[in-house]
Amino acid sequence: MIIKRFDRQEELDRYAAHLINTIVREKQHPVLGLATGSTPVGIYKAVIEEASRTKLSFGHVTTYNLDEYVGLAPDHEQSYSRYMNDHLFKHLDLGKGNTHLPDGLAADPEAECRRYDEMLAQQPLDVQLLGVGHNGHIGFNEPDAQLHGRTHVVKLKEETRKANARFFDQAEQVPEFAFTMGVGSILKAKMIILVARGGDKAAIVKKALQGPITTECPASLLQTHANVIVLLDADAGRDL
Ligand code: GLP
């Protein structure tokens, strides 16, 4: 596991963006695993900026997102589909149909999970970008006695709904359920970039990277992966 600390957010953003864009430049059929939340916003800006500066096409790129809220339409303001479109997709020359998120409105959620897994099985992720929740969740894999390997529907913990309420007008609007890739799929990515910013993440970063490997802290499972790069700002990395 490589851990890098940055004094300036822009340096972290540019570093992560360069890792991603290098994969896009070098692979014939790059498959990117993407994340949402506040953590990757600056990274996506830097990806767009570098791609434009270096005239890098994303026409041959396929993307899979980690998660999506159950019940939100793709164009709903708080859906992850909308987030990805606003922050990244619409700024790049991605091919139509090459970007994938679970369908929040799927009539049969179980079938939707299987559909997502079948696509993932055919297109292994070259890289998975990850943030981390305050309780150690990755994607929406919440701490539990057992974790799922594959894509599934999860009931969000109250603490997670509270943390994400800042994006909604009212706390009650945060959906109760979400689709998420399982930890098995995340750990199958050839490379994982874990990013955390801010002092409020310092404790969970320490637990995830230096604590015991346990399903009660899903991010701690990243310790078992052979190719993880952790990018931290000074505050998030202060307890290591
Ligand atoms: C959210 C997302 C995660 C994200 C995490 C941290 O609930 N499902 O994918 O990594 O929580 O979010 P943030 O980056 O806003 O701190």
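Residues numbered from 1 in each chain as written. Predicted model: local features only at pLDDT ≥ 70, side-chain atom pairs only at ≥ 80, totals over all residues.

Enquirer: I'd like to hear about the site of the ligand, residue by residue, with values.
Expert: Around the ligand, a shell composed of 14 residues is seen, among which Gly37, Ser38, Thr39, Gly131 and Gly133 lie nearest. Here the shell around the ligand is composed, by residue class, of four nonpolar, nine polar and one charged. (Near = placed C-beta within 6 Å. Nonpolar A, V, L, I, M, F, W, Y, C, P; charged D, E, K, R; others polar.)

Enquirer: Account for the UniProt feature "active site" (unreviewed entry) in the chain, with residues named and values stated.
Expert: As recorded in UniProt, the feature "active site" (unreviewed entry) lies at Asp67, Asn135, His137 and Glu142. On the neighbour-count criterion, His137 (25 C-beta atoms within 10 Å) is buried. Setting aside residues no more than four positions away along its own chain, His137 makes contact with Glu142, Pro143, Thr160 and Pro218. Mapped onto the elements of the fold, Glu142 is located in the loop between strand S6 (127-130) and strand S7 (152-155). Taking the number of C-beta atoms within 10 Å as the measure of exposure, Glu142 has 22 and is therefore buried. The residues touching Glu142, leaving out its near neighbours within four places in the chain, are Asn135, His137, Val154, Lys157 and Thr160. (UniProt positions renumbered as here; feature names shortened; annotations may be inferred. Buried ≥ 20, exposed ≤ 12 C-beta atoms within 10 Å, placed from the backbone. Contact = placed C-beta atoms within 7 Å. Helix = DSSP H or I, 4+ residues; strand = E, 2+ residues; numbered from the N terminus.)

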